[in-house]
Amino acid sequence: MQQAKEDIPTKIDTPDAIARQQMGFGTARGYGEISGEYFTLAAGTDITPLLEGLEDDTCQCPHWGYVLEGRLTVRYADESEETDTAGDLFYWPPGHTVSAEADSEIILFSPQDEHAAVLDHMLEKMSDDA
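The shown structure was predicted, so the numbers you read here are calculated from the model rather than taken from an experiment.

1. Observations regarding the overall build of the protein
Consideration 1: Looking only at helices and strands, one finds two helices and eight strands in the protein.
Consideration 2: Each helix and strand of the protein, ordered N terminal to C terminal, gives the series β-β-β-β-α-β-β-β-β-α.
Consideration 3: The globule rule puts the C-alpha radius of gyration for 130 residues at 14 Å, and the 16 Å found for the protein is close to it.
Consideration 4: In the protein, the proportion of contacts linking residues at least 24 apart, taken out of those at least 6 apart, comes to 68%.
Consideration 5: Taken as two groups, the 7 positive and 27 negative side-chain charges of the protein have centres that lie 9 Å from each other.

2. So, the packing of aromatic side chains
Consideration 1: Taken as a whole, this structure holds two aromatic pairs when the rule is applied.
Consideration 2: Their ring planes at 15 degrees and their centres at 4.1 Å tell us that Phe 90 and Trp 92 sit as a pair that is stacked.
Consideration 3: Residue class for Phe 90 comes out buried when judged on its relative accessible area of 0%.

3. Examining the pattern of salt bridges
Consideration 1: In this structure the tally under the stated criterion is one salt bridge.
Consideration 2: Between Arg 75 and Glu 81 there is a salt bridge, and its shortest N-O distance comes to 3.3 Å.
Consideration 3: A residue is classified by how much of its surface remains accessible, and Arg 75, at 33% relative accessible area, is partly exposed.

4. What to know about the nonpolar core
In a soluble, globular protein the nonpolar side chains are often hidden away together inside.
Consideration 1: The biggest cluster of nonpolar side chains holds 18 residues, and the ones touching the most others in it are Leu 72, Trp 92, Val 98 and Ile 106.
Consideration 2: Mapped by element, the contributors of at least two residues to this core are helix H1 (48-51), strand E5 (63-76), strand E7 (88-92), strand E8 (96-111) and helix H2 (112-129).
Consideration 3: Leaving out residues up to four positions away in the same chain, Trp 92 has contacts with Cys 61, Pro 62, His 63, Leu 72, Val 74, Tyr 76, Glu 82, Asp 84, Val 98, Ile 106 and Leu 108.

5. A closer look at H2
Consideration 1: Taking 1.5 Å of rise per residue, the 18 residues of H2 would be expected to cover 26 Å, and the 26 Å separating its terminal C-alpha atoms lies within 8% of that figure.
Consideration 2: All of the buried residues along H2 are His 115, Val 118, His 121 and Met 122. Projected onto a plane normal to the axis of H2, the buried residues spread over an arc of 115 degrees and lie on a single side. Residues of H2 that are exposed and point more than 90 degrees away from the buried face comprise Asp 113, Leu 123, Glu 124 and Asp 128.
Consideration 3: In this structure, the buried residues of H2 make contact with strand E4 (34-41), H1, E5 and E8.

6. Topic: unusual backbone geometry
Consideration 1: Despite not being glycine, Asp 56 shows a phi value in the positive range, around 55 degrees.
Consideration 2: Checked against the element boundaries, Asp 56 lands in the loop between H1 and E5.

7. Re the environment of Ile 12
Consideration 1: You can see Ile 12 is positioned in strand E2 (residues 10-13).
Consideration 2: Sequence-distant contacts of Ile 12, defined by excluding residues within four places in its chain, comprise Ala 17, Ile 18 and Ala 19.

8. Considering the pairing of E7
Consideration 1: Of all the five residues making up E7, four are buried; the element is thus mostly covered by neighbouring parts of the structure.
Consideration 2: Note: strand E1 (residues 2-4) against E7, three bridges, orientation antiparallel. In the sheet register, Gln 2 faces E7, and the bridge partner there is Phe 90.
Consideration 3: Bridging between E5 and E7 involves four bridges; their strand directions are antiparallel. Bridge pairing in E7 links Gly 65 to Phe 90.

Reading the values: the criteria
Residues numbered from 1 in each chain as written. Predicted model: local features only at pLDDT ≥ 70, side-chain atom pairs only at ≥ 80, totals over all residues. Heavy atoms only, no water. Helix = DSSP H or I, 4+ residues; strand = E, 2+ residues; numbered from the N terminus. Rg over C-alpha atoms; globule rule 2.2 N^0.38 Å. Contact = heavy atoms within 4.5 Å. Lys, Arg positive; Asp, Glu negative; His and termini not counted. Charge placed at Lys NZ, Arg CZ, Asp CG, Glu CD. Phe/Tyr/Trp six-rings, centres within 6.5 Å; stacked < 30°, edge-to-face > 60°. Buried < 20%, exposed > 50% of the residue type's maximum accessible area, 1.4 Å probe, protein only. Salt bridge = Lys/Arg side-chain N within 4 Å of Asp/Glu carboxyl O. Core = buried A, V, L, I, M, F, W, Y, C linked by side-chain atoms within 4.5 Å. Expected span 1.5 Å × (residues − 1). Arc of directions from axis to C-beta. Pairing = 2+ DSSP bridges.

See below:
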C-alpha cells in the first residue's frame, strides 16, 4: 500500500504547522524490535534473484517507509504490483520483491530480526554468485 503525501488526511492545519496522519497503516504487533534503515538502489536494480530460496522467493518481512527519491516497482506473491515514487509513504506486507526503475533512496522501518535474516540471505546469495 503506497500513499502520496497529498492523499494523507490533514489532522492539523495552521500557518505554522501541518500534520498529516494516515490511520491503520499496518501493524507491528508481534514483531518485537523495529530497525530504521536507509537504502540506496541504482536504476535497474532488481532484488528478486537474491530472494530465491525464501518462502515464495519473496521477502517475508513487512516494511513501512518513505521514498526520498526515485521510482520503485514492488511485486507481490499474488502477482499484483505497485509503483512507489518520491514523496510516497508505503507499507509492504510480507511476500514482496522490489526493483528500482530510477536511482532511488528510501527509508524503511522493519522488524529487525526478520529483516536481518532476509539481508543475511541476500548477502549469502551475493557471495555464492561471486
